[in-house]
Amino acid sequence: MALHHYFPHTSDDVERMLACCGMESLNDLYADVPEELLMGRDYKLPVSMSEKEVRDFFAAIGSQNRRLVCFAGAGYYDHYTPSVVSSVLARSEFLTAYTPYQPEISQGTLQYIFEYQTMMASLTGMEVSNASMYDGSTSAAEAMLMMVASARKRNRVLVSATVLPQVRAVMATYAHYHGVVIDEIPVTPTGITDRIILSSMLARGDVAGVMVATPNRFGVLEDFTGLAEEVHAAKALLAMYANPSSLAVIKAPGEWGADIACGDAQPLGMPLNYGGPYLGFLCCKKAYMRKLPGRIVGATVDGRGQRVFVLTLQAREQHIRREKATSNICSNQGLMALFVAVYLSLMGPEGMRELNEACSANARWLFDKLVATGKVRPAFPDSPWLNEFLIETDMPVDTIISRCVENGILPGVKVDDNHLLIAVTEMRTKAEMQSLVDIIDSL
């Protein structure tokens, strides 16, 4: 009998399992691991501590982190998180909820997913939304696979070089293992997708889909007038990678005629938090709903006429034939879908509009001040943008970043040796922006 009722294996259990494997010790299980990879010493575990000592210990470690004033963007932005969002997410009913494999007893979880999907479909101008994808990069990769799956014997996808590089990297990984060919559409000198070259690439007649970005990786707002018609004429689909926060004030993918909208929901109030957790969103026209991965929640009525929520179009492959599944869902991203649902319900259309106005006003103020120093100039002076812009400088960008970090500021994202991408949100104060201007002006 085991001394510890909740430990799964006794010493006798372990010995019997080893015997079945033809091994004498647990070390035999690691015989194939090279010697140089084995630790070869005891773990350096600290002596026991009281609860207060443990808290103090980790507080001391955490205090070593430097919190920089953030002007970095490139797909992930420092927006304010209303306190009520964290308060709702901390409720045990949500925090401990698991993926709803038994939907009839998961009505609360299904309802908030339904509300999330409704708001995301409205924001993107699409008819259908899924829920619970890992991040923007994987949602873009899934959008790529959707376009190929919807095409007839076509496996070629055109991706604009104005899509974020980290997104294109993940798409390339997915493409490699799914037999998809990705061709890159070049960027024009004005920082937008080269429509002339795109037209010539479509003319080959073998394209399954096209992906562009709004706003693009340089913060530029591209004019996609006529693009959907041109792509559809070539019997291909159009996907747009979008910043969902900006969709409250700019033309949505659905308004451009796109078939699929994807991206990362992090700009909807999620803390940057050193890289996660984030949430990928994926929306589409109703015609492509059966190609959509992840879970889709619908509303109906039960036998008593009461409103209830159900998992819709959930294929058996998700559970019993995983090699054919089209899903990368998980419970943690279900919790982040709740995050977005609470955030958007709090902000509402008017709040989202005011948010974007504040971000844009801050960005314009900083842009004008930086250009006035004479130390930098706009990389694309004639291209429109919202709250993120690319500057060009004759001095090394590394020098700017190093000096700013020394003064507690992360000035932006390095694009190359002479280009810096700067994002400004409602979180930045005039004093913080002036500090950035002063540092650059002093170089």
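What you see is a predicted model; the values in this text were computed from it and never measured.

**Here's the deal with the packing of aromatic side chains**
Right, so step 1: Counting across every chain of the model gives nine aromatic pairs.
Right, so step 2: Considering the side-chain rings of phenylalanine 367 and phenylalanine 389, the 5.2 Å spacing of their centres and the 80° angle between planes classify their relative orientation as edge-to-face. Here phenylalanine 389 lies in strand β12 (residues 388-392) and phenylalanine 367 lies in helix α12 (residues 331-372), a separation of 22 residues in the sequence.
Right, so step 3: In this structure phenylalanine 367 comes out as buried when scored by relative accessible area, which is 14%.
Right, so step 4: Taking relative accessible area as the criterion, phenylalanine 389 reaches 2% and is therefore assigned buried.
Right, so step 5: An aromatic cluster of three or more residues is present, and its members are Phe367, Trp385 and Phe389.
Right, so step 6: Positioned above the aromatic ring of tryptophan 385, the side-chain terminus of arginine 364 is 3.6 Å from the ring centre.
Right, so step 7: Against the face of phenylalanine 71 rests arginine 428, its NZ or CZ located 5.9 Å from the ring centre.

**Thoughts on the side chain of serine 360**
Right, so step 1: Its place among the elements puts serine 360 in helix α12.
Right, so step 2: When neighbours within four sequence positions are excluded, serine 360 is seen to be in contact with Leu386 and Asn387.

**Section: the state of the cysteines**
Right, so step 1: Scanning all chains against the criterion turns up zero disulfides.
Right, so step 2: Counting only cysteine sulfurs, cysteine 404 is the nearest neighbor of cysteine 70, a cysteine outside any disulfide, at a range of 12 Å.
Right, so step 3: Residue classification places cysteine 70 among the buried positions, given a relative accessible area of 11%.
Right, so step 4: Lacking any disulfide linkage, cysteine 262 is separated from the closest cysteine sulfur, that of cysteine 283, by 9.2 Å.
Right, so step 5: With a relative accessible area of 0%, cysteine 262 lands in the buried category.

**A closer look at the packing of helix α6 (residues 136-150) against helix α7 (residues 165-178)**
Right, so step 1: Two elements in contact, α6 and α7, have axes separated by 8 Å at closest approach and are oriented at 45°. Taken together, the axes of α6 and α7 lie oblique to each other. The two elements α6 and α7 cross, and the hand of that crossing is right-handed. Of the residues in α7, those in contact with Ser137, Thr138, Ala140, Ala141, Glu142, Met144 and Leu145 of α6 are Gln166, Val167, Val170, Met171, Tyr174, Ala175 and His178.

Rules used in this analysis
- For every chain, the first residue of the written sequence is number 1, and numbering continues from 1 along that sequence.
- Confidence filtering applies because this is a predicted model: local features only for residues at pLDDT of at least 70, side-chain atom pairs given and counted only at 80 or more, and all residues used for totals across whole chains, interfaces and linings.
- Computation of side-chain values covers all heavy atoms of the structure but excludes hydrogens and water.
- Each pair of aromatic rings taken from Phe, Tyr and Trp, with Trp reduced to its six-membered ring, is defined by centres within 6.5 Å and is described as stacked if the planes are under 30 degrees apart, edge-to-face if over 60, and tilted in the remaining cases.
- Helix numbering and strand numbering both begin at the N terminus, where a helix is a DSSP run of H or I of at least 4 residues and a strand a DSSP run of E of at least 2.
- Partly exposed describes any residue whose relative accessible area lies between the buried limit of under 20% and the exposed limit of over 50%, with all areas from a 1.4 Å probe on protein chains only and scaled to the type maximum.
- A positively charged side chain is recorded as over a ring if its NZ (Lys) or CZ (Arg) lies within 6 Å of the ring centre. The angle to the ring normal must also be within 35 degrees.
- In this analysis, two residues are considered to be in contact whenever any of their non-hydrogen atoms come within 4.5 Å of each other.
- Disulfides are defined as cysteine sulfur pairs within 2.5 Å.
- Axis definition: a line fit to C-alpha positions, over the contact stretch in the case of helices; interaxial angles, taken between N-to-C directions, run 0 to 180 degrees.
- An angle below 35 degrees is treated as roughly parallel, one above 145 as roughly antiparallel, one from 65 to 115 as roughly perpendicular, and anything else as oblique.
- Crossing handedness: left-handed means the near helix sits turned counterclockwise from the far one by under a right angle, and right-handed means the same turn made clockwise.

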